[in-house]
Amino acid sequence: GFPGKVVESAISKWGSRAPEVIRRDPYRLLTASIPGCGWKRCDKLHAELGLPRDANKRAVLAGWNAIREDRTGSTWLAASVVFEAIAGAAPEVADPMRAMKIGVRAGVFRGRKDGGETWVAIGENARAEQRIADAIGRLIRSATAWPMDLPESEQPGDGLPSSHQAGELATATASPIGCLTGGPGTGKSYTISHLLRLLCDRVGQEKIAVVAPTGKASSRITEYLRDQGLNLEARTIHRLLGWAGQGTFAFHSRNQLPQRVIVVDESSMIDTQLMASL
């Protein structure tokens, strides 16, 4: 029931050991994020290979998969939700709660209590979230370098941001890290283009990076900036950080980016791991 491309992907990852790796633990296809290898297919293969259905590891991975497939955008889920997912996906496991605790001890999960509720996250996502929080905490203690003199429109059609747009930008740039939000058509890109024009004059174009999560988004924002008379090329975050494969980047905490200003488009699309790296 697996797509044919899984064979090539598995051999690419594990070489001639691929059959042995998969026979021993079919869920390796799932945790390695091999395309076409979801929970149901891997669990079916696990059963067909006659592997123990009451294994705690199976239950842990059922919970891991439930968190991974959550579509709310949350790093943390209520422990009761994860518990129910384990009980539903691996009913042969006698004690789903024990399996969840084993997952916490093994670092697969991380747990915490907040507001009288117990919450569970995938361990690596919780660690990435903490890296984001630590970085923001460090950066917001530095002096803000955003220009505070964005020109405002005095009459319709003069090509300048409205007083509302300038005011929203001032709020977003009151701290070294800020977020300019608004619905479609409210002029976010237009307002940012004026900010970038000021920054090009003051810090230099080479000290500015404009990035987006995808190649399509970076191409779109590059075209827009060119239409606004700005010779800035937006890049993907992977390209900015120097993707080296296997989850590593050329730029990191010990080899920091040379830019002084980074503007990120479509930031709601960025996953926790990539945002932590950025």
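If you're wondering where the values come from, they're calculated on a predicted model, not measured in any experiment.

### Here we look at a nonpolar patch on the surface
Now for step 1: A cluster of nonpolar residues, Ile136, Leu139, Ile140 and Ile177, forms a patch on the protein surface that exposes about 310 Å² of accessible area.
Now for step 2: Its place among the elements puts Ile177 in the loop between helix 9 (163-172) and helix 10 (188-203).

### Examining the layout of surface pockets
Now for step 1: Put simply, the second largest pocket is a space of about 1,300 Å³.
Now for step 2: Looking at the second largest pocket, it is lined by 38 residues, and the ones nearest its centre are Glu124, Asn125, Asp271, Thr272 and Gln273.
Now for step 3: Broken down by element, the residue count for the lining of the second largest pocket peaks at seven residues, all from helix 8 (residues 123-139).
Now for step 4: In the lining of the second largest pocket, the residues fall into 14 nonpolar, 15 polar and nine charged.

### Focus on the sheet that holds strand 5 (residues 235-236)
Think of a sheet as strands paired side by side through backbone hydrogen bonds, with each pair either parallel or antiparallel.
Now for step 1: On the basis of which strands lie adjacent, the open sheet formed by three strands has the order 5-4-8 and parallel pairing. Edge positions in the open sheet fall to strand 5 and strand 8 (261-264), since each of these has one partner strand only.
Now for step 2: Relative to strand 5, strand 4 (residues 208-212) runs parallel, the two sharing two bridges. When the bridges of strand 5 are listed, Val211 appears paired with Arg235.
Now for step 3: The sheet strands contacting helix 10 are strand 4 and strand 8, and the helix crosses strand 4 at an angle near 150 degrees.

### Thoughts on the environment of Pro176
Now for step 1: Here Pro176 is to be found in the loop between helix 9 and helix 10.
Now for step 2: Relative accessible area serves as the criterion here: at 23%, Pro176 is assigned to the partly exposed category.
Now for step 3: Expressed as a C-alpha distance, the spacing of Pro176 and Leu139, which sit 37 residues apart in the sequence, is 6.7 Å.
Now for step 4: Once you skip the residues sitting within four places of it in the chain, Pro176 turns out to touch Leu139, Ile140, Ser142, Ala143, Thr144 and Trp146.

### Considering the sheet that holds strand 2 (residues 109-114)
Now for step 1: Spatially, the three strands line up as an open sheet ordered 1-3-2, and their pairing is antiparallel. Each edge of the sheet is formed by a strand with only one pairing partner; in this case those strands are strand 1 (76-78) and strand 2. Taken over all neighbouring pairs, the strand axes of this sheet differ in orientation by 35 degrees on average, direction set aside.
Now for step 2: Here helix 5 (residues 56-68) sits on the sheet in contact with strand 1, strand 2 and strand 3 (117-122), set at roughly 90 degrees to strand 3.

### A short note on helix 11 (residues 215-227)
Now for step 1: The end-to-end C-alpha distance of helix 11, which contains 13 residues, comes to 18 Å, matching closely the 18 Å that a straight helix rising 1.5 Å per residue would cover.
Now for step 2: Those residues of helix 11 lying buried are Ala217, Ser218, Ile221, Thr222 and Leu225. Here the buried residues of helix 11 occupy an arc of 135 degrees about the axis, which is enough to place them on one side. Exposed side chains of helix 11 directed beyond 90 degrees from the buried face belong to Lys216, Glu223 and Asp227.
Now for step 3: Buried-residue contacts for helix 11 involve helix 10, strand 4 and strand 5.
Now for step 4: Gly229 sits one or two residues past helix 11 and shows a positive phi near 80 degrees.

Thresholds, definitions, all that
- Residues numbered from 1 in each chain as written.
- Predicted model: local features only at pLDDT ≥ 70, side-chain atom pairs only at ≥ 80, totals over all residues.
- Heavy atoms only, no water.
- Patch = residues over 30% accessible without salt bridge, like charges linked within 9 Å, V, L, I, M, F, W, Y side chains within 5 Å.
- Areas by Shrake-Rupley, 256 points an atom, 1.4 Å probe, with all protein chains shown as cover.
- Salt bridge = Lys/Arg side-chain N within 4 Å of Asp/Glu carboxyl O.
- Helix = DSSP H or I, 4+ residues; strand = E, 2+ residues; numbered from the N terminus.
- 1 Å grid on protein atoms, 1.4 Å probe; cavity = no way out; pocket = protein on both sides within 12 Å on 5 of 7 lines; lining within 4 Å.
- Points joined across faces, edges and corners; volume = space filled by probe spheres on them.
- Nonpolar A, V, L, I, M, F, W, Y, C, P; charged D, E, K, R; others polar.
- Pairing = 2+ DSSP bridges.
- Contact = heavy atoms within 4.5 Å.
- Axes fitted to C-alpha atoms, helices over the stretch in contact; angles between N-to-C directions.
- Buried < 20%, exposed > 50% of the residue type's maximum accessible area, 1.4 Å probe, protein only.
- Expected span 1.5 Å × (residues − 1).
- Arc of directions from axis to C-beta.

The values reported here are purely geometric and, on their own, carry no functional implication.
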